[in-house]
Amino acid sequence: LNAASGRAPRQHVRFLPAPGDSGDTGLVAVRVPVLADHPLVRGPRFRRLKIGAGHRLDVKASGVFVLGIGHGNKLLTDLYDCHLTRVYTVGGLFGKATDDFSDTGKLVEKTTFDHITREKLERILAVIQGTNHKALLMYSNIDMKTQEAYELAVKGLIRPMGKSPPIITGIRCLQFAPPEFQLEVHCLHETQQYLRKIVHEIGLELKSSAVCTQVRRTRDGVFTLDDALLRTQWNLQSIQQAIWDCQLKVKTELEKTL
Amino acid sequence: LTGTRPPPALRRGLAKAAGPRSVRQLREAEEAAPVFQYAGKAAKRKDRVFVWGFSYSGALGVPSFVRPDAGWRRPRRIQPTPYRLETAEKISSAACGYGFTLLSSSTTDIIKVWGMGLNKDSQLGFQRSRRDRTKGYEYVLEPSPIPLPLEKPQQTRVLQVSCGRAHSLILTDSEGVFTMGNNSYGQCGRKVVEDETYSESHLIHQLKEFDSRVVQVVCGQDHSLFRTKKGAVYACGWGADGQTGLGHYNITSVPTKLHGDITGVNIIQVSSYGDCCLAVSDEGDVFGWGNSEYLQLASVTETTQVNVPRHLPFKIGKIKEAACGGTGNVVLTEEGNVFVWGYGILGKGPNLIETAVPEMIPPSLFGWSDFNPDIRVAHVRCGLSHFAALTNRGELFVWGKNLRGCLGTGRMEDQYFPWRVTVPGEVVDVACGVDHMVSMVKSFI
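Parameters at a glance
- Residues numbered from 1 in each chain as written.
- Chains lettered and ligands numbered in written order.
- Predicted model: local features only at pLDDT ≥ 70, side-chain atom pairs only at ≥ 80, totals over all residues.
- Heavy atoms only, no water.
- Helix = DSSP H or I, 4+ residues; strand = E, 2+ residues; numbered from the N terminus.
- Buried < 20%, exposed > 50% of the residue type's maximum accessible area, 1.4 Å probe, protein only.
- Contact = heavy atoms within 4.5 Å.
- Areas by Shrake-Rupley, 256 points an atom, 1.4 Å probe, with all protein chains shown as cover.
- Lys, Arg positive; Asp, Glu negative; His and termini not counted.
- Charge placed at Lys NZ, Arg CZ, Asp CG, Glu CD.
- Expected span 1.5 Å × (residues − 1).
- UniProt positions renumbered as here; feature names shortened; annotations may be inferred.
- Buried area = accessible area lost by both parts, 1.4 Å probe.
- Salt bridge = Lys/Arg side-chain N within 4 Å of Asp/Glu carboxyl O.
- Core = buried A, V, L, I, M, F, W, Y, C linked by side-chain atoms within 4.5 Å.
- Polar contact = N/O pair within 3.5 Å; in protein donor to acceptor, adjacent residues only side chain to side chain.
- Phe/Tyr/Trp six-rings, centres within 6.5 Å; stacked < 30°, edge-to-face > 60°.
- Lys NZ or Arg CZ within 6 Å of the ring centre and 35° of its normal.
- 1 Å grid on protein atoms, 1.4 Å probe; cavity = no way out; pocket = protein on both sides within 12 Å on 5 of 7 lines; lining within 4 Å.
- Points joined across faces, edges and corners; volume = space filled by probe spheres on them.
- Nonpolar A, V, L, I, M, F, W, Y, C, P; charged D, E, K, R; others polar.

J.: Lay out the overall build of chain B with the relevant residues and their values.
T.: From N to C terminus, chain B includes two helices and 29 strands. For chain B, the spread of C-alpha atoms along the principal axes amounts to about 120 × 60 × 45 Å. The buried share among the 445 residues of chain B stands at 55%. Long-range pairs, those at least 24 residues apart, make up 52% of the contacts in chain B with a sequence separation of at least 6. As displayed, chain B offers around 20,300 Å² of accessible surface, 50% of which is attributable to carbon and sulfur atoms. The positive charge centre, built from 50 side chains, and the negative charge centre, built from 43, are 12 Å apart in chain B.

Given below as structure tokens:
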């Protein structure tokens, strides 16, 4: 689905200024293209491209997927060390529980959901956010007794800067039309299956059951939906344009964090 | 000749086709599945009580912490996280004293108040021992009913309870205030009797003479404050730090009205836990008196004992609620900001140890952010050396000295800035004691 597109590598040949001729009088310094760069000698410029992927995206999920080309792979590692949050739009359905938490799985149980109101859902979401906020502070491995920890906590900048279990930094309900509902989730170090499990657990907390119908990533670190290329735009010009536009954003984010 | 057929049970059923079911069959099976109902449309939210902190005194009300049911189990000295306490009725008011707890319900049944914990001064009334009918219990390990000498027990309701160091006050709606416990400083509102033994005492004193109905009772360490409907404040008890606010440093054994800067002011809330007292008026002003050794009243006076209520001219906005601790004070303004001052771990990091002027705690520590802009602190409470704040979303934040696990965070270290306590429910109210806390919680659904 989201694999790299297959495009023909472009070949371009550049004429390098030639090194000076060895030799004695009578020779003129002429700029001659180096023979080693001649296309017939060197062959095609790009035979293979090194393309790396950013954070994983499931087969059943969709959304922004970051790829790095060439030098971009090193930037990808740096971006991973920044531990930035990602935003997902998660759609769910009340009344069903399946074994893999999505609506295409094997049915486990059906329950009623007419007692669920938007207010109850928001209450559960507030509690999830609260416990995850606590986990955020605990996994960040900062000594809570220092003044710096207090100041970072006031600004809200405490984040786990190493490995940690998935943490949700923000969650809210965008739409609620029983049995369907849609949530916006800001999270760190997560997998899409974890988000589906969260939807299932929300259903359990509300004394009913829920399955996840849609997981869509709308932001991955600094890359939003506006920067992402559609399937129709998977051609060389748009890719080059997109890389050019994102360069500045990536540089500022890396400088800010590292 | 027909051969004998094998019995049908052994034969493989050929009626059903083998292999994966088609989409249509799956859909039909799904529609035919039974629907379970776990909660109906009119399901009510349940009321629960959670306790945590030091348990050896029995103040948590769980006997298995002190005397385990199985012989090989060890007693649990500290309960570091909230633990559910089963109660017979819905608890409307709770108060934590120094090693004991009182729970009260606004029911019209005969039993309205339960007490547990230390009872060496009969602060929980007389708890008849089952082994010896003439003696009483010194430590009460589970919530035991306190018999009150009411005239109309099936009509009077208990509004509020309050606990001090060794005495307790119970406020009813039509029969005044009942006081029990230690009276060596007159804090129970009756005359001090020389060499009185307070343990195993049956005496419960009733106070009725005030200018109007008493609407709030507050216990300090060894004194009592009463707030009446007309906005006046009465005090009795120990006064060596000026905490009775009556203009002298002696003991008062009869509740007497306070004057000073609160004369004529309609007071809407009084608070005290140690030896300092704060009162909030309906116009948002705060008045203080009592001990000022920890800079609690240093903004108006240099003396360390203030025995007349003084107005504290803080320019922080209209004040809605105030709470006094042993060494620090906290107020909540109308906008929902929390201000702390005094001495100790005040909640602004380890560098802020003492201040005489209120400092605001940033709302982002209570969960306020661009993502949640409408989170506000709704109530503030104070224990002896720790603070608690409740938000409008029902979350409980605690900070301060973690004496024997009283904060409930699960860790034994002191907490220098507000930290969330994970309670499985929406916290409605919380009572802070010296080394334990009690919270009234509503379940989510």
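J.: Go over helix H3 (residues 118-139) of chain A, please, and point to the residues and values.
T.: The terminal C-alpha atoms of H3(A) lie 31 Å apart, and with 22 residues this matches the ideal 32 Å at 1.5 Å per residue to within 8%. Where H3(A) ends, the next residue or the one after it, Asn141(A), has phi of about 55°, a positive value.

J.: Let's hear about unusual backbone geometry: which residues, and what values?
T.: Residue and element names in this part refer to chain A. Cis geometry marks the peptide bond from Pro-178 to Pro-179, where omega comes out at 5°. The residue Asn-141 is not glycine, and still its phi comes out positive at about 55°. Looking at the secondary structure, you find Asn-141 in the loop between H3 and helix H4 (147-155). You can call Asn-141 exposed: its relative accessible area is 70%. Of note in this structure, Lys-207 is not a glycine but carries a positive phi near 60°. Considering the arrangement of structural elements, one finds Lys-207 in the loop between helix H5 (192-205) and strand S9 (210-220).

J.: I'd love a proper account of the UniProt feature "domain: RCC1-like" (unreviewed entry) in chain B, names of residues and values included.
T.: UniProt records the feature "domain: RCC1-like" (unreviewed entry) at residues 44-326 of chain B, using the numbering of this structure. In the segment residues 44-326 of chain B, helix accounts for 1% and strand for 40%; the C-alpha atoms at its two ends are 39 Å apart.

J.: I'd like a description of the interface of chain A and chain B, backed by residues and values.
T.: Across the boundary between the two partners, chain A contributes 35 residues, which contact 37 residues of chain B. Summing both partners gives a buried area of about 3,500 Å² for chain A against chain B, and 61% of it is carried by carbon and sulfur. Here chain A and chain B share two salt bridges between them. Between Lys96(A) and Glu30(B) there is a salt bridge; the shortest N-O distance is 3.4 Å.

J.: Before we move on, can you summarise the nonpolar core with the specific residues and values?
T.: Judged by nonpolar contacts, the single largest core of 28 residues is most densely connected at Phe94(A), Leu121(A), Phe181(A), Leu183(A), Val185(A), Ile202(A) and Leu206(A). Only strand S4 (86-94), H3, strand S7 (167-177), strand S8 (180-188), H5 and S9 of chain A provide two or more residues apiece to this core. Setting aside residues up to four positions removed in sequence, Phe94(A) forms contacts with Phe113(A), Ile116(A), Leu121(A), Phe176(A), Pro179(A), Phe181(A), Gly203(A), Leu206(A), Ser209(A) and Ala210(A). Within the second largest apolar cluster, 24 residues are counted, among which are Leu137(A), Val338(B), Val340(B) and Trp399(B).

J.: Break down the UniProt feature "repeat: RCC" (unreviewed entry) in chain B for me, with residues and values.
T.: Residue and element names in this part refer to chain B. Under the present numbering, the feature "repeat: RCC" (unreviewed entry) in UniProt falls on residues 47-107, 109-174, 175-230, 231-283, 284-335, 336-393 and 394-443. Here residues 47-107 runs as 7% helix and 41% strand, with 14 Å between its end C-alpha atoms. Helix makes up 0% of residues 175-230 and strand 36%. Its end C-alpha atoms lie 17 Å apart.

J.: Let's hear about the side chain of Thr228(B): which residues, and what values?
T.: Residue and element names in this part refer to chain B. Following the sequence through the fold, Thr-228 ends up in strand S13 (residues 223-228). A distance of 3.2 Å separates a polar atom in the side chain of Thr-228 from a polar atom in the side chain of Asp-211. Leave out the neighbours within four places in its chain, and Thr-228 touches Phe-210, Asp-211, Ser-212, Arg-213, Val-214, Val-215 and Tyr-234.

J.: Got a sec to walk through the pattern of salt bridges? Specific residues and values, please.
T.: Applying the stated criterion across every chain, the model contains 27 salt bridges over all chains. Here Glu28(B) and Arg24(B) are joined by a salt bridge, their closest N and O atoms 3.2 Å apart. Of this pair, Glu28(B) and Arg24(B) are both found in helix H1 (residues 23-32), four residues apart, which corresponds to roughly one turn of the helix. In this structure, a network of salt bridges that share partners links the residues Arg86(A), Glu190(A), Arg217(A) and Asp220(A).

J.: Run through the UniProt feature "domain: Pseudouridine synthase II N-terminal" (unreviewed entry) in chain A, naming residues and quoting values.
T.: UniProt's entry tags residues 48-191 of chain A with the feature "domain: Pseudouridine synthase II N-terminal" (unreviewed entry), counted in the numbering of this structure. Annotation note: span residues 48-191 of chain A, helix share 29%, strand share 31%, distance between end C-alpha atoms 30 Å.

J.: Can you tell me about the environment of Ser168(B), naming the residues and giving the values?
T.: All names here are of chain B. Examined against the element boundaries, Ser-168 turns out to sit in strand S9 (residues 167-172). Considered as a pair, Ser-168 and Ala-356 are 188 residues apart in the sequence and their alpha carbons are 31 Å apart. Within the local environment of Ser-168, its side chain forms a polar contact with the backbone oxygen of Gln-123, the two atoms lying 2.5 Å apart.

J.: Outline the packing of aromatic side chains, supporting the account with residue identities and numerical values.
T.: Counting across every chain of the model gives 15 aromatic pairs over all chains. On the numbers, 6.3 Å between centres and 50° between planes, the contact of Tyr150(A) with Phe417(B) is tilted. Of the two residues, Tyr150(A) is situated in helix H4 and Phe417(B) in strand S27 (residues 415-421); the pairing between them involves two chains. Overall, Tyr150(A) belongs to the buried group, its relative accessible area being 6%. Residue Phe417(B) is classed as buried on the basis of its relative accessible area, which comes to 1%. Clustering of aromatic rings is evident, with ring pairs tying together Phe366(B), Phe387(B), Phe397(B) and Trp399(B). Residue placement shows Arg411(B) over the ring face of Trp419(B); its charged tip is 5.0 Å from the ring centre.

J.: Please provide a residue-by-residue account of the layout of surface pockets, values included.
T.: Residues and elements named next belong to chain A. Of the pockets and cavities examined, the second largest pocket occupies roughly 1,300 Å³. Forming the boundary of the second largest pocket are 45 residues, of which Leu-136, Lys-155, Gly-156, Leu-157 and Thr-169 lie nearest the centre. It is H3 that contributes the most residues to the lining of the second largest pocket, seven residues altogether. Taken together, the residues of the lining of the second largest pocket sort by class into 19 nonpolar, 16 polar and 10 charged.

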